[in-house]
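Chain residues, written in single-letter form:
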Amino acid sequence: MKATGIVRRIDDLGRVAIPKEVRTQLGIREGDPLELYMSDDGRELVLKKYDTTAPIRSIVNQLADISNDKDFFKDLDEDTAVALRALTKILKNNLNKLDPQD
């Protein structure tokens with residue numbers, strides 16, 4: 001992490017304003033979900049833009065792993081194997097087009 005030199009106070013509702021320059025640089029827009037991470041020692045808080053596509057990407061990656069497993073296909077008929085590989089390719093291509101910032 002690098003220091004920004006920016007200091008903000010917490011308001012009476014527990015809110016902290018993130019400067020526009022920082023939001024712009026990180027691609028954070030109004031309404032974007034952020035995840036909060038706390039260091040193990042409890043002394044640091046990190047905000048991370050939440051990737052709403054992460055759970056879907058995980059499933060597609062698992063499907064891709066399965067579709068590359070030759071043992072998995074030995075019990076499937078050829079049409080099912082071809083369909084599974086095609087579906088995996090379509091899902092991966094479309095996921096790569098998604099912008100997690102949208």
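**A look at the overall build of the protein chain**
A count of helices and strands for the protein chain gives four helices and two strands. For the protein chain, the sequential pattern of α-helices and β-strands runs α-β-β-α-α-α. The dimensions of the protein chain, computed from C-alpha atoms along their principal axes, are 65 × 30 × 25 Å. Burial analysis of the protein chain (102 residues in total) assigns 16% to the buried set. Look at the contacts in the protein chain between residues 6 or more apart in sequence, and 36% of them connect residues 24 or more apart.

**A word on the environment of Gln62**
Looking at the element boundaries, Gln62 is found in helix H2 (residues 54–67). Once the C-alpha coordinates of Gln62 and Thr88 are considered, the two residues, 26 residues apart in sequence, prove to be 9.6 Å apart.

**Brief notes about the confidence of the model for the protein chain**
Taken as a whole, the protein chain shows an average pLDDT of 85; of its residues, 95% reach a score of 70 or greater. Element-level mean pLDDT values for the protein chain span from 74 in helix H3 (residues 70–73) up to 94 in strand S1 (residues 34–38).

**Remarks on the pattern of salt bridges**
One pass over the structure, following the stated rule, counts three salt bridges. Here Arg15 and Asp11 are joined by a salt bridge, their closest N and O atoms 2.8 Å apart.

**Structural notes on the environment of Ser58**
When you line up the elements, Ser58 lands in helix H2. Accessibility expressed as a relative area gives 34% for Ser58, which makes it partly exposed. With 14 residues separating them in the primary sequence, Ser58 and Glu44 have C-alpha atoms 28 Å apart.

**Some thoughts on the pairing of strand S2 (residues 45–49)**
Where S1 lies against S2, five bridges are found, and the strand directions are antiparallel. Residue pairing across strands places Glu35 opposite Lys48, the latter belonging to S2.

Rules used throughout
- Residues numbered from 1 in each chain as written.
- Predicted model: local features only at pLDDT ≥ 70, side-chain atom pairs only at ≥ 80, totals over all residues.
- Heavy atoms only, no water.
- Helix = DSSP H or I, 4+ residues; strand = E, 2+ residues; numbered from the N terminus.
- Buried < 20%, exposed > 50% of the residue type's maximum accessible area, 1.4 Å probe, protein only.
- Contact = heavy atoms within 4.5 Å.
- pLDDT = per-residue confidence, 0-100.
- Salt bridge = Lys/Arg side-chain N within 4 Å of Asp/Glu carboxyl O.
- Pairing = 2+ DSSP bridges.

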